[in-house]
Amino acid sequence: MNLASETRWEDLWGDLWMVMPEVWLVVAMCAVVLAPFIKRRSVALPLGVASAGLMLAVMAALSSFASADAMGTVFTGSLVIDPFSQFFKVLLTLFTLMILGLWILHSRSQTDPADAPDFLCLLLGAAVGMSLMVSATNLLVIFIATETASMPSYALAGFRKRRREGSEGSLKYVLFGSVSSAIMLYGMSLVYGAAGTLSIYGIAAQAAAGISPLMAIGLAAMLAGFAFKLSAVPMHFWCPDVFQGAPIEVTTFLSVASKGAAMCMLLRALAAFAAAAPANGYLFVGIGVAVGILGAVTATWGNLVALHQTNIKRLLAYSSISHAGYMLMAASVAVIAGRSWEGGQHQTGAIQVVVGAVLFYIVVYAFMNLGAFTAATLLAMHTGTEDIRGYAGLSRRSPWLAALMTACLLSLFGMPGLGGFWGKVFLMKSMALAGGAGFALIAVLLFNTLISLYYYLKPVYYMYFVPDEDERPAFLPAGGGLAMLVICVSVLLATGLLPNRIESLARGYATLYPNPVITAPPPLETTVSLLESAPAHD
Amino acid sequence: MPSIPAADPFSHYAPIGVLLLMAAAFGLGNLLLTSIIGPSRHGKIKGMVYESGMNPIGSAKRRFNVRFYIVAMSFLVFDVEIVFLYPWAITFPSLAPDSELAPWFLGRMLFFVLTTLIAYAYAWRKGVFRYD
Amino acid sequence: MAISCTQPWWSARSPIGFLDPSRERHYSLALIGLDPIHPLQHKAAPVPTLAQLMTADPAQQGAPLLFYACATLTCLSAWAIVFSQNIVRMSVYLLLTLMGAAGFYLMLQAEFLAAVQLIVYAGGTLILIVFGIMLTNKNPEMQLRATPMELGLGALVGVGLAALLILALVHTPTPGQGFTAVPADYQQVRAIGRSLLSENLVPFELAAVLLLVVMVGAAYMARRRAG
């Protein structure tokens, strides 16, 4: 208990200032819920409040880059504010703003005005959870932040209550989610029991002294919880059903923000472990190898199943599973290369390279997925089908939409010249740091990219080479959606054409808070005496 | 108060244990006694609803109305709230009267309570508690 | 450990004492063989006879009778949940399991946690589960049967997991620092309150946000029409 620093007022206010993005999100969330008291059945009011809150959060996150004082640990070390977390928060809040745009475009007309505050509150609540997931360094915060991100997601997935698939997906999501959070919590309890501390840095330091079997099981169970959020393979069954049944803006939000937050959380934990690794910690390499295998299996499985999909949302769901696999594979390198295999020398630079590569990938992935889902939304709105066979003849009916969607799909595949290509290149570059194991990972990644070419080209094939038998008329997609698509594709082009500049930018943001020096926790007696120093009044 | 070493921290629970035993014994004993000494006669009149009670219609095992779920849910939310309020209520008076921490501790709890109040107000506004 | 207390247990202050942080401690549930020792540290303790228990010096007796009672309750009722085919009965068995777990918390001197377990899980969550059953099932007495395949797979996973955990427990040295016995005048609830308001502030306030979101989400899902 850090009472000495707690009694200083500046610190207490300072801590609050450093988490301003979250504060704004929470304030906006509460205001959105209270909006019906001011104006009943108004959509504009809660929507305005939510957008204002998100913009303030973006600015708060951006302003923390202005001074070095705005970085560090807050709230007695349970949260870390570093360039990595703030960068993700900027991305997350901007992305959530775009999700709001997608909602206005697609669902606003179909939603009862009285339900709008509920949707916005749930969306903002999930965003609060996700942004805290990225800053969390404490098992308790990790768990509650994950739950805060998950609980609204369950409700959002079934937000269209009248749709049968929506309810089915939502139910599967809840059941899978609660089981996996139970497993994760169980693992956390074992890890806490074995390490005696909740801080991931403390756990990493304890693990460096030796990983007991109990801790190994606990870590494995925790990994299962992360795997659920990432929809990695043994825990991926919810993903296609939820993605298919949920309204498309929710699907996009879950596929990018939720996975990105889980990935960043995992990266922070892995980096903490890698930085604490002892000279000959082969068990640490074991952790990395476990994550790497998980990633390889996830990527391969996702791609193989995606081959058979004909529904565009299911196809993109399996594609997102495989992308999570790619990122997991790269993340494993943080631990494998974080300590060099033979020399016993720490390669702290390796962690930053890996984190930078994954961060770059998350950015690119966010935009290409947003683009692909926006295009699918527009198509569903205008053609009334989510089946890719319904895309026949689209190049004639709406050439712009077809071209933009093709760009997003090709970027997901990794076409040179688009952001997705460089994302994969940087992932491979970071994998190469891990030596032999890294080359195995690179081989898996290349093999998977080849498989994925088939199913990414399938919609393109229908759009360009299959004539429309019904001779349906041409259409002009909704302007807002088209604008969003153009934004996405131009980001992909920018990252595709200026990869080095953006990669060095991402690497700059990949600065993680260093592992603090672990001091032994005060024995219980001191805690008690601290407590007793306050006069008792009860 | 003499200082007593923590030889056995469970002695306090002895009355509870005895109470539990007594409760269980009373319940089970009554059941047992009724079956032993009670006369067992059944009849149409005896099976009737007592005095002005309503005659039961349909099965008792039917589906509940979903609004009970909301009631149970809000009960659980307040239940958890109390669990958090209790340690706060114990801790807060132990602060020195002029402690700088006191407004912080109060503010932190007020935020906690405020969110629940917001949830409650929201549910009220949405007519969740309206039965019609 | 020296025993200087001579008060008999019936002079204990009040049964509500278990929520009173400033209570004094007495020692006489030794009658029924209670032992605060962590079960992990209980390796070679001989199990005394009942007669020994009744007469032995409380400081020396080592039979965690309450431990065995709670373990039996928890395991049997957990077993019953799995093998029962009636979902309403399952929820009652779940209640017993949760109460057994509360007993464990009590033995580990986590009295507040034990009370919370009873209030929130046994009192709140279980009611919600029963409501859920009553809300969703046309017939709550529905029979749930597992196919032999499911049974076999479940048994395999269960036995494997149990074996793994037991192996891990046996091979893990008992942690020293994590499980120090608390001093007699340790004011548990106050310490919890302090920790929630200072070092664990983030999870605490985040829990408030979580409760709000959950309430909104649940109210949305359960509402029949917009209003």
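Residues numbered from 1 in each chain as written. Chains lettered and ligands numbered in written order. Predicted model: local features only at pLDDT ≥ 70, side-chain atom pairs only at ≥ 80, totals over all residues.

**Focus on the overall build of chain C**
Alright, step 1. When its secondary structure is counted, chain C shows 7 helices and 0 strands.
Alright, step 2. Tracing chain C from N to C terminus, the helices and strands come up as α-α-α-α-α-α-α.
Alright, step 3. Residues classed as buried in chain C amount to 30% of the 227 residues present. (Helix = DSSP H or I, 4+ residues; strand = E, 2+ residues; numbered from the N terminus. Buried ≥ 20, exposed ≤ 12 C-beta atoms within 10 Å, placed from the backbone.)

**Brief notes about the packing of helix H6 (residues 116-135) of chain A against helix H12 (residues 248-276) of chain A**
All names here are of chain A.
Alright, step 1. Two elements in contact, H6 and H12, have axes whose closest approach is 7 Å; the angle formed by their N-to-C orientations is 20 degrees. Taken together, the axes of H6 and H12 are roughly parallel relative to one another. Crossing angle aside, the handedness with which H6 passes H12 is left-handed. Counted together, Met130, Met133 and Val134 of H6 and Ala257, Ser258, Ala261, Ala262, Cys264 and Met265 of H12 form the full contact between these two elements.
Alright, step 2. Residues belonging to the contact of H6 with H12 are distributed by class as follows: 8 nonpolar, 1 polar and no charged. (Axes fitted to C-alpha atoms, helices over the stretch in contact; angles between N-to-C directions. Parallel < 35°, antiparallel > 145°, perpendicular 65-115°, else oblique. Left-handed = near helix turned anticlockwise from the far one by under 90°. Contact = placed C-beta atoms within 7 Å. Nonpolar A, V, L, I, M, F, W, Y, C, P; charged D, E, K, R; others polar.)

**So, the nonpolar core**
Alright, step 1. Formed by 261 residues in total, the largest nonpolar core has its most connected members in Phe273(A) and Val358(A).
Alright, step 2. When residues of this core are assigned to their parent elements, the largest contribution, 24 residues, is made by helix H15 (residues 348-383) of chain A.
Alright, step 3. When sequence neighbours within four positions are dropped, the list of residues in contact with Phe273(A) reads Ala204(A), Ala207(A), Phe284(A), Ile287(A) and Val335(A).
Alright, step 4. Core analysis: the second largest hydrophobic core is formed by 7 residues, Leu66(C), Cys70(C), Ala102(C) and Met107(C) among them. (Core = buried A, V, L, I, M, F, W, Y, C linked by C-beta atoms within 7 Å.)

**Some thoughts on the confidence of the model for chain C**
Caution applies to low-pLDDT regions: their predicted coordinates should not be interpreted in detail.
Residue and element names in this part refer to chain C.
Alright, step 1. Per-residue confidence for chain C averages 69 on the pLDDT scale, and 61% of its residues sit at or above 70.
Alright, step 2. Within chain C, the lowest mean pLDDT, 42, falls on helix H1 (residues 50-55), and the highest, 90, falls on helix H7 (residues 201-222).
Alright, step 3. Note on residues 1-63: pLDDT is under 50 here. Beyond four places in sequence and across chains, it has 113 contacts.
Alright, step 4. The ipTM for the predicted assembly is 0.87, set against a pTM of 0.85. (pLDDT = per-residue confidence, 0-100.)

**Thoughts on helix H3 (residues 20-38) of chain A**
Alright, step 1. The end-to-end C-alpha separation of H3(A) is 26 Å, in line with the 27 Å expected for 19 residues at 1.5 Å each.
Alright, step 2. At Val32(A), H3(A) is bent by approximately 30 degrees, the largest bend along its length, and proline Pro36(A) sits one to four residues beyond. (Expected span 1.5 Å × (residues − 1). Bend = angle between axes of the 7 residues up to and from the residue.)

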